[in-house]
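Commentary on secondary and tertiary structure
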Amino acid sequence: MPYRYWGDPITMLNELRKRQLQSMREAEGHEFAGVYPAVNIYDDGDAFMVRAELPGIDKAKLDITTKGNRLSIRGERSCSQLAADVAFHRRERDMGTFHRVVSLPEHVDASKTTATYKNGILEIVCPRTEAAKAHRVEIA
Amino acid sequence: MTDKQELQLREKKELKQEGEATREGPHFRPEVDIFEREDALVMVADVPGSSNEQIELDLQDNSLNLTATVSGVDAKWKPVYLEYEIGHYIRQFRIGQIVDMAKISAQVKDGVLVVTLPKIEKAMPRKIEVKSEQ
């Protein structure tokens, strides 16, 4: 690949990062990509963590369920600061309901799943089931 | 406006850096609502992941600069699948003459920043009483 194609090193790194993300998405073949909210999935060996950016959500209206390797997040984003007769200068934030189902790489233990909502970030920690953990072979 | 519509996914808008970056990671342009009440302009910005001590509002002449720092995920979590990038938020607003700069206030809750920009006295609507001559 010709050097000039990339421009400066920062652009090059950004471009590489984007391509990496893109290929990760494609490799996983997630059928639900493109649905609100966007999610990131992380793994620490024992559990998966699903992280979504959901600013201004009513915690009481969040409905999170897991079954097998599926995690469902349902909720609503509404606009509480609004009085009836305000004049908008700019309106970019969307309001409404959402329902997202995420497929996790392995089965998780629904009874041990925990969720926190802080600073507009929802983090759901789903520990693997004992059966899923047993698949891993430790090398002494 | 109905409140029950299904939310659509929007890609975060990444900002192209000009000059040298002073902090690591990408920067995004937060989505904002700006509306006008009788006594004030109100700006609502989505800055998920930022707490009150991580948000800076900086007023210079007629421009209000919003910078929200976002901390990433604990290093023990290895990414397996990513749909969005985590980054800081930056946006600049021009403030008109009707705002009383000294009285601007802000608060953040659940990743939503609300900035209240009170209008100066003379910009407020005023009802003029008509007196009758007796």
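Scroll up to find the structure.
In this report, we go over the structure that sits alongside the text. (Residues numbered from 1 in each chain as written. Chains lettered and ligands numbered in written order. Predicted model: local features only at pLDDT ≥ 70, side-chain atom pairs only at ≥ 80, totals over all residues.)

**Looking at the pairing of strand β8 (residues 121-127) of chain A**
All names here are of chain A.
- For strand β2 (residues 47-53) and β8, the ladder comprises 7 bridges, and the chain directions are antiparallel. Pairing of phenylalanine 48 across the sheet is with cysteine 126, part of β8.
- With 5 bridges joining them, strand β7 (residues 114-118) and β8 adopt antiparallel strand pairing. Residue threonine 116 lies in a different strand from β8, and its bridge partner there is glutamate 123. (Pairing = 2+ DSSP bridges. Helix = DSSP H or I, 4+ residues; strand = E, 2+ residues; numbered from the N terminus.)

**Digging into the environment of serine 63 of chain B**
All names here are of chain B.
- Tracing the backbone through its elements, the reader meets serine 63 in strand β6 (residues 63-68).
- On the basis of neighbour counts, which here come to 11 C-beta atoms within 10 Å, the residue serine 63 falls in the exposed class.
- A sequence separation of 37 residues divides serine 63 from proline 26, and the C-alpha atoms of the two residues are 23 Å apart.
- Apart from the residues within four sequence positions on either side, serine 63 is in contact with Gln92, Phe93, Arg94 and Ile95. (Buried ≥ 20, exposed ≤ 12 C-beta atoms within 10 Å, placed from the backbone. Contact = placed C-beta atoms within 7 Å.)

**Side note on the interface of chain B and chain A**
- Opposite the 36 residues of chain B that make contact, chain A presents 43 residues.
- Broken down by secondary-structure element, the contributors of at least two residues to the side of chain B that touches chain A are β3 (32-36), β4 (40-46), β7 (78-82) and β10 (112-118) of chain B.
- Here strand β1 (residues 39-43) of chain A pairs with β7 of chain B via 4 bridges, running antiparallel. Bridge pairing in β7 of chain B links asparagine 40 of chain A to leucine 82 of chain B.

**Comments concerning the sheet that holds strand β1 (residues 13-14) of chain B**
Residue and element names in this part refer to chain B.
- Here 5 strands make up an open sheet; going across it, the order is β1-β2-β8-β6-β5 and the pairing mixed. Strand pairing shows two members of the sheet lacking a second neighbour, β1 and β5 (55-60), which therefore form its edges.
- For β5 and β6, the ladder comprises 6 bridges, and the chain directions are antiparallel. Residue leucine 59 lies in a different strand from β6, and its bridge partner there is leucine 64.

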